[in-house]
Amino acid sequence: MTLLDLSARDREGKAATAVRPVWDSEPLRYLDEHGAPVEGGIRPTPALLDPGALLRGYRALRFARAFDTEATNLVMQGRLAVYPSCRGQEACEVAAVHALEEQDWLLPTYRDSAALVLRGIPAVDALTLLRGTWHCGYDPKQWRTMPQCTPLATQGPHAVGLGLAAKLAGDPAVALCFFGDGATSEGDFHEAANSAAVYQAPVVFLVQNNQYAISVPLHKQTHAISLADKASGYGMPGIRVDGNDLIAMNAVLAEAVQRARTGGGPTLIEAVTYRVQAHTNADDAARYRQSAEVEYWRRRDPIDRLGRYLTARGALDAAVEAEIDEECERYCEQMRAQFAEEPSYDADEMFEHVYDEMTPQLKAQREMLRAEEAAK
Ligand SMILES: Cc1ncc(C[n+]2csc(CCOP(=O)(O)OP(=O)(O)O)c2C)c(N)n1
Ligand SMILES: [Mg+2]
């Protein structure tokens, strides 16, 4: 039985109202909130349950959390201009990167900096955009990772283009595209989903439903119960999965990537998760949500859940935790040292690559900036 069969069975058991079908079932998962396998949960392949592989996944989660915490600190120290935290969403970041091979494309949003460092991009290069020193600090072709996208959903059509180009060239690459829940209201999301299905492009759409688009909760974003349900309108599989369960995320992504790679076309995955921090450091989340809600989700923390599971299986103990602590601390120390150095950049360059010929407005803005710099 594949994951899809399970998802379909789940739907059949649900009642419908007169207004709309209600699919209020729990997302697919392997672990319950305490880190124990759930009854009737998904059944990953033995390879996905290998303790060694899961411990590597756990290390990656801990690393992503440490990176995210350090980046948040760097904003407070004025070393980064802005930072959208992925705290609580690390299982999505780790599973996405682990599902890909070197030749595959990753299309991240501003919230997915952890995925960039998990792919191997040095932190100082991954955070260039958010430091505000340049548009992108790494070579997208070298890392097969597009620049982080701030305009919502515009990376969707790019993912389809990359996937389709690979398919036409006979290259077995897959494109994995991140979206937020709010981005599913954008035209680009729908155009990407439709064209990916029509052309059977090797694309995986991974929506991190973290319940909010800044201050807009999901129920004000969409009247649909499930974002994964949208997939059927385009003729592709849609899967709703617990985004705080690394084992379930790995299983669902492995299947979607395999389908894309072997000519089976795109998949839409809705990972149900939660943005534990504010939208960015410029946002005050206490103005639009209750602390009890945050607490509810903290109790479903992806790291704690996998940690408890691995501890119960004898694969994790205090000595391994201490080793991971030390590795993370060494990485963060390096980050602090790199960001303590003043970045060197030529602000003039920012105006140079927008148009072939600079517009009069851009020229005026450049002069304004030069005058401000000279007056310092
Ligand atoms: C096309 C576009 N419209 C509006 C914005 C402003 N904006 C930035 S982030 C954001 C919320 C996005 O929420 P979601 O897609 O759920 O992603 P999350 O931030 O929760 O990861 C909005 C509206 C934007 N960046 N791009
Ligand atoms: Mg969101």
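Residues numbered from 1 in each chain as written. Chains lettered and ligands numbered in written order. Predicted model: local features only at pLDDT ≥ 70, side-chain atom pairs only at ≥ 80, totals over all residues. Heavy atoms only, no water.

### So, the UniProt feature "domain: Dehydrogenase E1 component" (unreviewed entry) in the protein chain
Piece 1. Under the local residue numbering, the UniProt record ascribes the feature "domain: Dehydrogenase E1 component" (unreviewed entry) to residues 61-342.
Piece 2. Here residues 61-342 runs as 49% helix and 11% strand, with 30 Å between its end C-alpha atoms. (UniProt positions renumbered as here; feature names shortened; annotations may be inferred. Helix = DSSP H or I, 4+ residues; strand = E, 2+ residues; numbered from the N terminus.)

### Some details on the domain arrangement of the protein chain
Piece 1. Under the domain assignment, the protein chain is made up of domain 1 (3-345) and domain 2 (347-376).
Piece 2. Between domain 1 and domain 2, the C-alpha centre-to-centre distance is 37 Å. (Domains from an automatic or database assignment.)

### With respect to the coordination of the magnesium ion (ligand 2)
Piece 1. The magnesium ion (ligand 2) binds to the protein through Asp181 (OD), Asn210 (OD1) and Tyr212 (O), with metal-donor distances spanning 2.1 Å.
Piece 2. Mapped onto the sequence, the residues coordinating the magnesium ion (ligand 2) show the spacing D-x28-N-x1-Y. Taken together, the residues span a long stretch of sequence, with Asp181 in the loop between strand E2 (175-180) and helix H9 (187-198) and Tyr212 in strand E4 (residues 212-213) at a distance of 31 residues. Tyr212 matches Asp181 in its accessibility class, with the two residues each being buried. (Donors = N, O, S within 2.8 Å, 3.2 Å for Na, K, Ca; no water. Buried < 20%, exposed > 50% of the residue type's maximum accessible area, 1.4 Å probe, protein only.)

### Re the side chain of Thr280
Piece 1. Along the chain, the position of Thr280 falls in the loop between strand E7 (267-272) and helix H13 (291-298).
Piece 2. Owing to a relative accessible area of 13%, Thr280 belongs among the buried residues under this scheme.
Piece 3. Of the polar contacts made by the side chain of Thr280, one reaches the backbone nitrogen of Ala282; its length is 2.9 Å.
Piece 4. Once you skip the residues sitting within four places of it in the chain, Thr280 turns out to touch Val82, Tyr83 and Pro84. (Polar contact = N/O pair within 3.5 Å; in protein donor to acceptor, adjacent residues only side chain to side chain. Contact = heavy atoms within 4.5 Å.)

### Looking at the packing of helix H8 (residues 155-169) against H9
Piece 1. Packing of H8 against H9 leaves a shortest axis separation of 7 Å and a crossing angle of 20°. Classified by the angle between their axes, H8 and H9 sit roughly parallel to one another. Helix-helix and strand crossings are classified by hand; for H8 and H9 the assignment is left-handed. Together, Gly156, Pro157 and Val160 of H8 and Asp188, Ala192, Ser195 and Ala196 of H9 make up the contact between the two elements.
Piece 2. Per-class residue counts for the contact of H8 with H9 are 4 nonpolar, 2 polar and 1 charged. (Axes fitted to C-alpha atoms, helices over the stretch in contact; angles between N-to-C directions. Parallel < 35°, antiparallel > 145°, perpendicular 65-115°, else oblique. Left-handed = near helix turned anticlockwise from the far one by under 90°. Nonpolar A, V, L, I, M, F, W, Y, C, P; charged D, E, K, R; others polar.)

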